[in-house]
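Working through the structure, step by step
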Number of protein chains: 2
Amino acid sequence: MNPLEELTESFSRLPGIGKKSAARIAQHILQNDRNQALVLARQISEIHERIKKCSVCGGYTENDPCPICSDALRDKSLLCVVEQPQDIQIIESFHEYTGFYHVLGGVIAPLEGIGPDKLSFPGLLKKVQSGEVKEVIIATNPTVEGDTTALYTQRLLSPLGIRVSRLASGLPVGGDLEYADKLTLSRSFRGRTTF
Amino acid sequence: MNPLEELTESFSRLPGIGKKSAARIAQHILQNDRNQALVLARQISEIHERIKKCSVCGGYTENDPCPICSDALRDKSLLCVVEQPQDIQIIESFHEYTGFYHVLGGVIAPLEGIGPDKLSFPGLLKKVQSGEVKEVIIATNPTVEGDTTALYTQRLLSPLGIRVSRLASGLPVGGDLEYADKLTLSRSFRGRTTF
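Rules behind the numbers
Residues numbered from 1 in each chain as written. Chains lettered and ligands numbered in written order. Predicted model: local features only at pLDDT ≥ 70, side-chain atom pairs only at ≥ 80, totals over all residues. Heavy atoms only, no water. Least-squares fit on C-alpha atoms with pLDDT ≥ 70 in both. Contact = heavy atoms within 4.5 Å. Buried area = accessible area lost by both parts, 1.4 Å probe. Salt bridge = Lys/Arg side-chain N within 4 Å of Asp/Glu carboxyl O. Polar contact = N/O pair within 3.5 Å; in protein donor to acceptor, adjacent residues only side chain to side chain. Helix = DSSP H or I, 4+ residues; strand = E, 2+ residues; numbered from the N terminus. Buried < 20%, exposed > 50% of the residue type's maximum accessible area, 1.4 Å probe, protein only. pLDDT = per-residue confidence, 0-100. UniProt positions renumbered as here; feature names shortened; annotations may be inferred. Pairing = 2+ DSSP bridges. Axes fitted to C-alpha atoms, helices over the stretch in contact; angles between N-to-C directions. Lys, Arg positive; Asp, Glu negative; His and termini not counted. Right-handed = clockwise from strand over helix to strand, strands pointing away.

If you rotate chain B by 180° and push it 0.0 Å along the axis, it lands on chain A with an RMSD of 0.1 Å. What the rotation and shift describe, once combined, is the action of a two-fold rotation axis. Across chain B, the rotation axis passes nearest the C-alpha of B:Ala41, at a separation of 2.0 Å. A share of 100% of the interface residues of chain B reappears at the interface of chain A, consistent with the copies meeting face to face through the same patch.

Listed below in structure tokens is the structure:
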């Protein structure tokens, strides 16, 4: 393999990049400005050093604790439980939630050998037991594993007497009944709201 | 912007990668083995140094002249004219053509200010005038610019008394008349072959 083929091979191992896209990207890099390539190379090589996981929430951050966990103005009574660090950025992007986060680090998936012991439930319990949290919002994905994990979390926290909620599941805004799958439709029925 | 956002931004500038894919790729790199990231970073940073253009054909190569141009077993009577260096790999991939190549470096595109003077026609003429070439196969893309460039090449070479051919244009194998666009269909009629 020549260097161009090696680079193509490496790109094709990244998620969502097929063989042809990888070749196109490698050629793009070769045909374009060398400095831009060096910037990208530097960013990739430094990412593991520069981005750490926050010791409080488990999200990605340059400084520990992260800007969210060290923000005194946020609402200490709310704690949002997410699967992965990147979920925090997604929720932050719509500027509505003002509480704190807790990253589980995955979902309960018995078929893949991931039990509750592999996830950060002890840390979650400790945070809730500290007494300041009044509501835990479970924001795991609306998948079988995400639902299982949500249910587990709810049962774990229910003896503590706080409110435990789950993100609403139903029809996507702008969607059409005709194109909704049956499961989503049945869920939007069960979860129907009054005006 | 934090390093993760910077990396996402850089990836989203590559061809065929949108914002969400770029974020997924950046997170993938962060979550996976650091050594793999360092390999990718090295490959990107070295690509401009390690891959050059062959001084004979204009294709990508580590050594000049490239393995194709220095292959004494190839057919000196055939010369295939392509738009870009990467077209050589595509044609080589089906192991049928055994002649040499000539990269034009683009196509004639008056609207973008690219006239024949910006392309490597002098080198092409010189190769053909050397006397060994018996057929020039024009393999520019079947686009308006590719066709214009093919016509220009054909007119340039016709006084030299060699055969000048063009890749067949028509229905793709496995395709369906129903899904063919009118232009392709009309071309496949004009270019119809006898059994």
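All right, on to the interface of chain B and chain A then. Each partner contributes residues to the interface: chain B has 40 residues there, and chain A has 40 residues. Together chain B and chain A conceal approximately 4000 Å² of surface at their shared face, both sides included; 68% is due to carbon and sulfur atoms. On the chain B side of the contact with chain A, B:Leu30, B:Ile44 and B:His48 bury the most area, a combined 16% of that side's loss. Remark: the boundary between chain B and chain A carries two salt bridges. Here A:Glu49 and B:Arg34 are joined by a salt bridge, their closest N and O atoms 2.6 Å apart. On the surface where chain B and chain A come into contact, there are 14 residue pairs in polar contact (both at pLDDT 80 or more).

With that out of the way, let us pick up the environment of B:Tyr97. All names here are of chain B. With respect to the helices, strands and loops of the structure, tyrosine 97 is situated in the loop between α4 (85-92) and β4 (100-103). The exposure class assigned to tyrosine 97 is buried, which follows from its relative accessible area of 14%. The spacing of tyrosine 97 and aspartate 75 is 22 residues in sequence and 9.0 Å in space, taken between C-alpha atoms. What tyrosine 97 contacts, discounting residues up to four positions off in sequence, is Arg74, Leu78, Leu79, Cys80, Ile91, Glu92 and Ile137. Engagement of the side chain of tyrosine 97 in a polar contact is seen with the backbone oxygen of leucine 78, the distance being 3.4 Å.

Turning our eyes to something else, we now look at the confidence of the model for chain A. All names here are of chain A. When pLDDT is averaged along chain A, the result is 92; 100% of the residues meet or exceed 70. Taking the mean pLDDT of every element in chain A, the minimum, 82, falls on helix α7 (residues 182-190) and the maximum, 97, on strand β4 (residues 100-103). This complex was scored by the predictor with a pTM of 0.77 and an ipTM of 0.78.

In the UniProt entry, the feature "zinc finger region: C4-type" (unreviewed entry) is given for residues 54-69 of chain A. Split by type, residues 54-69 of chain A is 0% helix and 12% strand. Its first and last C-alpha atoms lie 8 Å apart.

For the rest of this paragraph, the subject is unusual backbone geometry. Residue and element names in this part refer to chain A. Omega for the bond connecting aspartate 64 with proline 65 falls within 30 degrees of zero, at -5°, which places this linkage in the cis form. Inspection of the secondary structure assignment puts proline 65 in the loop between β2 (60-61) and β3 (78-82). You will see that histidine 95, though not glycine, has its phi angle at about 45°, which is positive. Structurally, the position occupied by histidine 95 is in the loop between α4 (85-92) and β4. Among the residues examined, histidine 95 registers a relative accessible area of 74% and is labelled exposed.

Let us look at the sheet that holds strand β5 (residues 135-138) of chain B. Residues and elements named next belong to chain B. With parallel pairing, four strands are arranged side by side in an open sheet as β4-β3-β5-β6. What marks the edges here is a single partner per strand, and that holds for β4 and β6 (163-166). Recorded for the sheet is a direction-independent mean angle of 25° between the axes of neighbouring strands. Along the sheet face, α4 touches β3 (78-82) and β4 and points at about 150° away from the line of β4.

Glancing now at the side chain of A:Glu83. Residue and element names in this part refer to chain A. Mapped onto the elements of the fold, glutamate 83 is located in the loop between β3 and α4. Buried within the structure, glutamate 83 lacks any salt-bridge partner; arginine 166 is the closest side chain of opposite charge, at an N-O distance of 6.7 Å. Among the polar contacts listed, one links the side chain of glutamate 83 to the backbone nitrogen of asparagine 141, at a separation of 2.8 Å. Every residue in contact with glutamate 83, bar those within four places of it in the chain, is listed here: Val103, Leu104, Gly105, Gly106, Val107, Thr140, Asn141 and Gly146.

Here we come to the pattern of salt bridges. All names here are of chain B. This model, assessed by the stated rule, comprises 18 salt bridges over all chains. Across the salt bridge formed by arginine 74 and glutamate 92, the nearest N and O atoms sit 2.7 Å from each other. Within this pair, whereas arginine 74 is found in the loop between β2 (60-61) and β3, its partner glutamate 92 is found in helix α4, the two being separated by 18 residues in sequence. Classification of arginine 74 by relative accessible area gives buried; the value is 13%.

Residues and elements named next belong to chain A. Burial along strand β5 (residues 135-138) is two-sided: the residues Glu135 and Ile137 and Val136 and Ile138 are all buried. Relative to β5, β3 runs parallel, the two sharing four bridges. For valine 81, the partnering residue across the bridge sits in β5 and is isoleucine 138. Bridge analysis of β5 against strand β6 (residues 163-166) gives four bridges, and the strand direction is parallel. When the bridges of β6 are listed, glutamate 135 appears paired with arginine 163. Where the polypeptide runs from β5 across helix α6 (residues 144-157) and back to β6, its parallel neighbour, the crossover connection is right-handed.

This next bit is on the UniProt feature "domain: Toprim" (unreviewed entry) in chain A. What UniProt calls "domain: Toprim" (unreviewed entry) maps, in this numbering, to residues 77-172 of chain A. Structurally, residues 77-172 of chain A is divided into 32% helix and 18% strand, and its ends, taken at the C-alpha atoms, are 28 Å apart.

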